[in-house]
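Each chain is listed here by its residues.
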Amino acid sequence: EAEDDRTHDRFRSKLMFPILSDRGRVIGFGARALDDSLPKYVNSPQTPIFDKSSSLYGINLAAASIRQQDMAVIVEGYIDVITAHQNGFSNVIASMGTSVTEKQVNSLKRLTRNITLAFDADVAGEEAMLRGVSYENALEAEVRVITLPRGKDPDDVIKDDAKIWQQLLAEALPVIDY
């Protein structure tokens, strides 16, 4: 709230994404700017119910598939998850930002110990991948990395050709080799 008691809509002119818990309850919101304004992404503030660092976007829809396929694919964005699920890749979730946290990986360990990271081919994505090495050791999880074509995110790849996405998944490198 501003000093003069007016409220401010943090999500004005943004595309909204409800963030649900693994049990399917709305715990917060993410939003993406529809124009060139910054920040491009905004989340609900931290609360006792919503903790961005331990939440995974799409986990409510992906948990059964992650357990069944014994693999979780972590992407960066909301749209990446939505496109993946629309195209039958239902074990995909998003970290809501680039850095995957230990809390997020810990919550996944109940479902699988096989995690594949598919981050955008940019500097932030590369740094996030390198952090994956430490998770592998700390969490006794098998972390693999998908190398996306430059300038493409998972959403683009899946829309262009779902078979290429399947191929990238199959060819994912162990994070140590990456």
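Let me begin by describing the structure that accompanies this report. (Residues numbered from 1 in each chain as written. Predicted model: local features only at pLDDT ≥ 70, side-chain atom pairs only at ≥ 80, totals over all residues. Heavy atoms only, no water.)

### Remarks on the environment of Val175
Turning to step 1, where the next piece is worked out: By the element assignment, Val175 lies in the segment after β8 (173-174).
Turning to step 2, where the next piece is worked out: The spatial distance from the C-alpha of Val175 to the C-alpha of Val143 is 5.7 Å, given a sequence separation of 32 residues. (Helix = DSSP H or I, 4+ residues; strand = E, 2+ residues; numbered from the N terminus.)

### Looking at the pairing of strand β6 (residues 114-118)
Regular strands show a simple pattern: their side chains alternate between the two faces of the sheet.
Turning to step 1, where the next piece is worked out: Burial analysis of β6 places 4 of its 5 residues in the buried class, which makes it a mostly covered element.
Turning to step 2, where the next piece is worked out: Two elements, strand β4 (residues 72-75) and β6, share 4 bridges in a ladder whose sense is parallel. Residue pairing across strands places Val75 opposite Ala118, the latter belonging to β6.
Turning to step 3, where the next piece is worked out: Where β6 and strand β7 (residues 142-145) come together, 4 bridges link them in parallel fashion. (Buried < 20%, exposed > 50% of the residue type's maximum accessible area, 1.4 Å probe, protein only. Pairing = 2+ DSSP bridges.)

### Re unusual backbone geometry
Turning to step 1, where the next piece is worked out: With an omega of 0 degrees, the peptide bond between Leu38 and Pro39 qualifies as cis.
Turning to step 2, where the next piece is worked out: Among the structural elements, Pro39 can be located in the loop between β2 (26-33) and β3 (41-43).
Turning to step 3, where the next piece is worked out: Positive phi values are uncommon outside glycine, yet Ser13 reaches one of about 60 degrees.
Turning to step 4, where the next piece is worked out: Mapped onto the fold, Ser13 is located in the segment before β1 (14-20).

### A short note on the side chain of Ser95
Turning to step 1, where the next piece is worked out: If you trace the backbone, Ser95 turns up in the loop between β5 (92-94) and α3 (102-108).
Turning to step 2, where the next piece is worked out: For Ser95, a relative accessible area of 2% corresponds to the buried category.
Turning to step 3, where the next piece is worked out: Not counting residues up to four positions away in its chain, the partners in contact with Ser95 are Leu56, Ile74, Val75, Glu76, Val100, Gln104 and Phe119. (Contact = heavy atoms within 4.5 Å.)

### Focus: the sheet that holds β1
Turning to step 1, where the next piece is worked out: Reading across from one edge, β1-β2-β3 is the order of the 3 strands in this open sheet, with antiparallel pairing throughout. Both outer strands of the open sheet, β1 and β3, are each paired with one neighbouring strand and no more. Put simply, the sheet's adjacent strands are angled 20 degrees from each other on average, direction ignored.
Turning to step 2, where the next piece is worked out: In the sheet, β1 pairs with β2 via 7 bridges, with the strands oriented antiparallel. Across the sheet, Lys14 pairs through a bridge with Ala33, a residue of β2.
Turning to step 3, where the next piece is worked out: Along the sheet face, helix α2 (residues 78-86) touches β1, β2 and β3 and points at about 70 degrees away from the line of β1. (Axes fitted to C-alpha atoms, helices over the stretch in contact; angles between N-to-C directions.)

### Brief notes about the nonpolar core
Turning to step 1, where the next piece is worked out: The biggest cluster of nonpolar side chains holds 23 residues, and the ones touching the most others in it are Ile19, Tyr57, Val73, Val75, Val92, Ile146 and Trp165.
Turning to step 2, where the next piece is worked out: Where this core is concerned, the elements lending two or more residues are β1, β4, α2, β5, α5 (154-160) and α6 (162-170).
Turning to step 3, where the next piece is worked out: Among residues more than four places away in sequence, those in contact with Ile19 are Arg25, Val26, Ile27, Gly28, Phe29, Gly30, Asn43, Phe50, Tyr57, Tyr78 and Met96.
Turning to step 4, where the next piece is worked out: Core analysis: the next-biggest nonpolar cluster, separate from the first, contains 19 residues, Ala62, Ile66, Val100 and Val145 among them. (Core = buried A, V, L, I, M, F, W, Y, C linked by side-chain atoms within 4.5 Å.)

### So, the environment of Pro39
Turning to step 1, where the next piece is worked out: Taking relative accessible area as the criterion, Pro39 reaches 48% and is therefore assigned partly exposed.
Turning to step 2, where the next piece is worked out: Sequence-distant contacts of Pro39, that is, excluding residues within four places in its chain, are made with Lys14 and Ala33.

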